[in-house]
Amino acid sequence: MSETETSETTSNTANLVALDPDGYAPVNHPGVTVPEDRRCWSVSWPEYTPTDITPPELRPSALAAHVPAWAEAAPTPAEVHDWRRRRAAALVPFKLDERGWPLHPHGRTGRTGRNLGKWGENQAADPIVAAGNSEQRWVLLITRDDIGTEAIPGGMVDPGETAPAALVRELREETGVDLADHRPTILGRDVVADWRQTDHAWITSTSALYQLPARVTAIAADDALDATWWPFDSLDQLDTAVTAAGRTLYAAHRPLLQRALDHLNQP
Ligand code: BGC
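Quick caveat, the model's predicted, so the values are computed rather than measured.

1. Digging into helix α4 (residues 163-175)
- Taking 1.5 Å of rise per residue, 13 residues should cover 18 Å, and α4 covers 18 Å from first to last C-alpha, within 8% of that figure.
- Residues Ala163, Ala166, Leu167, Val168, Arg169, Glu170, Leu171, Glu174 and Thr175 constitute the buried set of α4.
- Residues of α4 that are buried sit in contact with β5 (120-132), β6 (137-144), β8 (155-156), β9 (185-192), β10 (201-212) and β11 (224-231).
- N-capping of α4 is provided by Thr162, with a side-chain oxygen placed 3.2 Å from the backbone N of Ala165.
- Gly176 occupies a position one or two residues after α4 and carries a positive phi of about 75°.

2. Structural notes on the packing of aromatic side chains
- By the definition in use, this model includes five aromatic pairs.
- On the basis of an interplanar angle of 45° and a centroid distance of 6.2 Å, the ring pair of Trp101 and Trp119 is categorised as tilted. Of the two residues, Trp101 is situated in the loop between β2 (95-96) and β3 (102-103) and Trp119 in the loop between β4 (111-112) and β5; the sequence distance between them amounts to 18 residues. An identical accessibility class is assigned to Trp101 and Trp119; each is buried.

3. Notes on the nonpolar core
- Of all hydrophobic cores here, the largest spans 20 residues; its most connected members are Val129, Leu140, Leu179 and Trp229.
- Elements with a minimum of two residues in this core: β5, β6, α4, β10 and β11.
- Setting aside chain neighbours within four positions, we find Trp229 in contact with Val129, Ala130, Ala131, Trp138, Val139, Leu140, Leu212, Arg215, Val216 and Ala218.
- Grouped together as the second largest cluster of nonpolar side chains are 19 residues, Leu209, Leu235, Ala241 and Leu264 included.

4. What to know about the pattern of salt bridges
- Under the definition given, this model contains 16 salt bridges.
- The salt bridge involving Arg85 is made with Asp82; its shortest N-O contact spans 2.9 Å.
- Counted as one network, the salt bridges with shared partners bring together Asp158, Glu161, Arg169, Glu170 and Glu173.

5. Details of helix α5 (residues 235-244)
- Restricting attention to buried positions, one finds in α5 the residues Leu235, Leu238, Asp239, Ala241 and Val242. Summarising the axial view, the buried residues of α5 lie within an arc of 165°, below the 170-degree limit, and thus occupy one face. Residues of α5 that are exposed and angled more than 90 degrees away from the buried face: Asp236, Thr240, Thr243 and Ala244.
- Contacts from the buried residues of α5 go to β6, β7 (150-151), β11 and α6 (254-264).
- Where α5 ends, the next residue or the one after it, Gly246, has phi of about 80°, a positive value.

6. Section: the site of the ligand
- Close to the ligand lie Asp126, Arg144, Ile152, Gly154, Gly155, Met156, Val192, Asp194, Arg196, Ile203, Tyr250 and His253.
- Between the ligand and Arg144, the relevant distance is 3.3 Å, taken from an oxygen atom to a side-chain nitrogen or oxygen of the residue.
- Here Tyr250 contributes a side-chain N or O atom positioned 2.7 Å from an oxygen atom of the ligand.
- Out of a free accessible area of 310 Å², the ligand has 94% covered by protein chains.
- Of the residues that constitute the shell around the ligand, the class distribution is five nonpolar, three polar and four charged.

7. As for the domain arrangement of the chain
- Taken domain by domain, the chain holds domain 1 (3-119) and domain 2 (121-264).
- Taking only C-alpha atoms into account, the centre of domain 1 sits 26 Å from that of domain 2.
- Contacts between the two partners involve 31 residues from domain 1, matched on the other side by 18 residues from domain 2.
- Summed over both sides, the interface between domain 1 and domain 2 buries roughly 2000 Å², with carbon and sulfur atoms accounting for 58% of that surface.
- Among the residues of domain 1 in contact with domain 2, Leu91, His104 and Leu116 are the three that bury the most area, contributing 34% of the side total.
- Within the residue set of the side of domain 1 that touches domain 2, elements represented by two or more residues are β3 and β4.
- Class assignment of the residues belonging to the side of domain 1 that touches domain 2 gives a composition of 16 nonpolar, nine polar and six charged.

What counts, and where the lines are drawn
- Residues numbered from 1 in each chain as written.
- Predicted model: local features only at pLDDT ≥ 70, side-chain atom pairs only at ≥ 80, totals over all residues.
- Heavy atoms only, no water.
- Helix = DSSP H or I, 4+ residues; strand = E, 2+ residues; numbered from the N terminus.
- Expected span 1.5 Å × (residues − 1).
- Buried < 20%, exposed > 50% of the residue type's maximum accessible area, 1.4 Å probe, protein only.
- Contact = heavy atoms within 4.5 Å.
- Polar contact = N/O pair within 3.5 Å; in protein donor to acceptor, adjacent residues only side chain to side chain.
- Phe/Tyr/Trp six-rings, centres within 6.5 Å; stacked < 30°, edge-to-face > 60°.
- Core = buried A, V, L, I, M, F, W, Y, C linked by side-chain atoms within 4.5 Å.
- Salt bridge = Lys/Arg side-chain N within 4 Å of Asp/Glu carboxyl O.
- Arc of directions from axis to C-beta.
- Near = heavy atom within 4 Å.
- Areas by Shrake-Rupley, 256 points an atom, 1.4 Å probe, with all protein chains shown as cover.
- Nonpolar A, V, L, I, M, F, W, Y, C, P; charged D, E, K, R; others polar.
- Domains from an automatic or database assignment.
- Buried area = accessible area lost by both parts, 1.4 Å probe.

Structure representation (structure tokens):
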């Protein structure tokens, strides 16, 4: 075998993500590639076979024996019976397919199954806390304990909870900072490109901006390994500081942080 053949084989193997013995992919599997012109659900693509990233505890056989506290029991969206209510309450509108399964609002993701609490929309709340002024600004981020990246100290909205209440609760739980007396600016309600999303289960987030005159003490707890104030005059500056510290900015939160900067920098 020539040297070229050897290195090709090696790199091909490195790119493969192994399926588990039951034929399911790990939750960080990139899925099948979806060309931009096939993303939209209205474009017919009969051969489309997305990768199933359902983790072992959410597979139908496991759910029949035990439903984790953070998840709904339905093994498929066909066993969910309140789609009308869920669609009316959705932060970002979505449709159902001919089987009655919810469809990701942004189109095909290349991945199927569920690795989130609910089928369809799962709501999160993301409090962006900025301190300082136009001379020097800071933003409070946490190190997530699941993927180890620097992210907004947000979390999932609990059943029966409102997004504003979840913003305050998550911030307090993850950083010890209590802004219950502050009135934030709601920046948007968006789909977040979370690594767990699939064609039939995804996350939307209410993001809100809190502005403080100066940094306050933040102590990491709950899902946060660390809580840090980072320089926040631009996304580039934030990225450079995070990278220089040997850390990584959570990519899915970049658009939310940019929206906060746009708001802070508007004349
Ligand atoms: C996090 C939120 C985030 C969402 C989407 C949740 O687990 O707590 O901050 O926006 O996932 O990635």
